[in-house]
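# Examining the three-dimensional arrangement
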Amino acid sequence: MSVIRVGTRGSALAMAQTTAVANRIQAATNGEVEIIPITTHGDVSRESLSSLGGTGVFASALREALLNDECDVVVHSFKDLPTEEYPGLAIGATPKRADARDVLCARDGFTLATLPEGAKVGTGSPRRAAQLRAKRPDLEVVDIRGNVGTRLALVADEKLHAVVLAAAGLGRLGLLENMATDYLELSDWPTAPGQGALAIEVRQGKPDRLLTKALAVLNHATTQATVTAERHVLARLEAGCAAPIGATAVLDDGLLFLTATVYSPDGTRRITASHAATPESHSVADLQDAALDVAERAARELLAGGAAEIAPLTVTS
């Protein structure tokens, strides 16, 4: 393989995070890397995310390009990737995670607590909408679409008082320090499973030697384990973006902790489950086993507590 072709969505954020990945691949292999922009239906449609079909709307075009040998790897935001396996493809690496928190980007320096009564706050995420309604039922939650720049412009143009965005995305665009007015802590405001993490997807089978080397350098075992735990909860409560689910996993002092919360869409009810597991070692295999174990227990508790009754969930095996 003389050139490693990296497929990506064409948005500013996708290009920024893919460029960072491409630079690491180039450094690891000392070879040539080419970025291949691919347009997805989710990038051109203005429909709400849930009506478009949820998480898969951004991933399918990239995956088809990979299967058609138009590129050698594709870079996804993990939170946009459906949990079910895609025939012919596999996750080759999970780079170290960025900040998993959400942030409020508000005019006049407002925080979530200080926004005026009736303030308009924009988000396209049912999970964020439910959390906003739970914390501040007096706010007007506005369903919005568009890239990061489009959303921030709604605040700058005073069409909205604030928007809620991912800290990781703003950070990758170099906007976090200037735009975030309130950091929403994970202990009180869990974010989407896999938020802040990237997925490097490849075709199944043994990769080329240079690509194998690059994937080994890119992979971060702790991130791989925590993302696996969060996403396995989502897989057991599968409903894509249409289900208001937050999950946070961390590896601390030899223990893998997971907390997952299911919200009712109107924010009036929520069910939370917290569990921990002790990996046999810090090997990739043992971390993955612990992640699946802790996620399975959390999912069972959520279902037993009535999660499927308060949110649009479809239980899978």
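What you see is a predicted model, and the numbers here were worked out from it, not measured in a lab.

Evaluation of the coordinates by the stated rule reveals 17 salt bridges. With its nearest N and O atoms 2.6 Å apart, the salt bridge here joins Arg127 to Asp102. With a gap of 25 residues between them, Arg127 in helix H5 (residues 126-135) and Asp102 in strand S5 (residues 102-106) connect regions that are remote in the sequence. Given the relative accessible area of 0%, Asp102 is considered buried. Arg136 is the partner of Asp138 in a salt bridge, and the nearest nitrogen-oxygen pair spans 2.6 Å. Of the residues examined, Asp138 reaches a relative accessible area of 29% and is grouped as partly exposed. You can call Arg136 buried: its relative accessible area is 12%. Among the ionic contacts, a cluster of salt bridges with common partners joins Arg5, Asp69, Asp72 and Arg203.

When strand S11 (residues 245-252) meets strand S12 (residues 255-263), the two strands line up antiparallel, connected through eight bridges. Note on S12: the bridge partner recorded for Asp252 is Leu255. Counted along the chain from S11 to the antiparallel partner S12, the turn is two residues long, and its residue Asp253 has a positive phi close to 55°. Of the pairings in the sheet, the one linking S12 to strand S13 (residues 270-277) comprises eight bridges and is antiparallel in character. Within S13, the position partnered with Leu258 by the bridge is His275. Linking two consecutive strands that pair antiparallel, namely S12 and S13, is a turn of six residues; a positive phi of about 80° is found at Gly267 within it.

What counts and what doesn't
Residues numbered from 1 in each chain as written. Predicted model: local features only at pLDDT ≥ 70, side-chain atom pairs only at ≥ 80, totals over all residues. Heavy atoms only, no water. Salt bridge = Lys/Arg side-chain N within 4 Å of Asp/Glu carboxyl O. Helix = DSSP H or I, 4+ residues; strand = E, 2+ residues; numbered from the N terminus. Buried < 20%, exposed > 50% of the residue type's maximum accessible area, 1.4 Å probe, protein only. Pairing = 2+ DSSP bridges.

Spatial relationships are all this shows, so hold off on functional conclusions.
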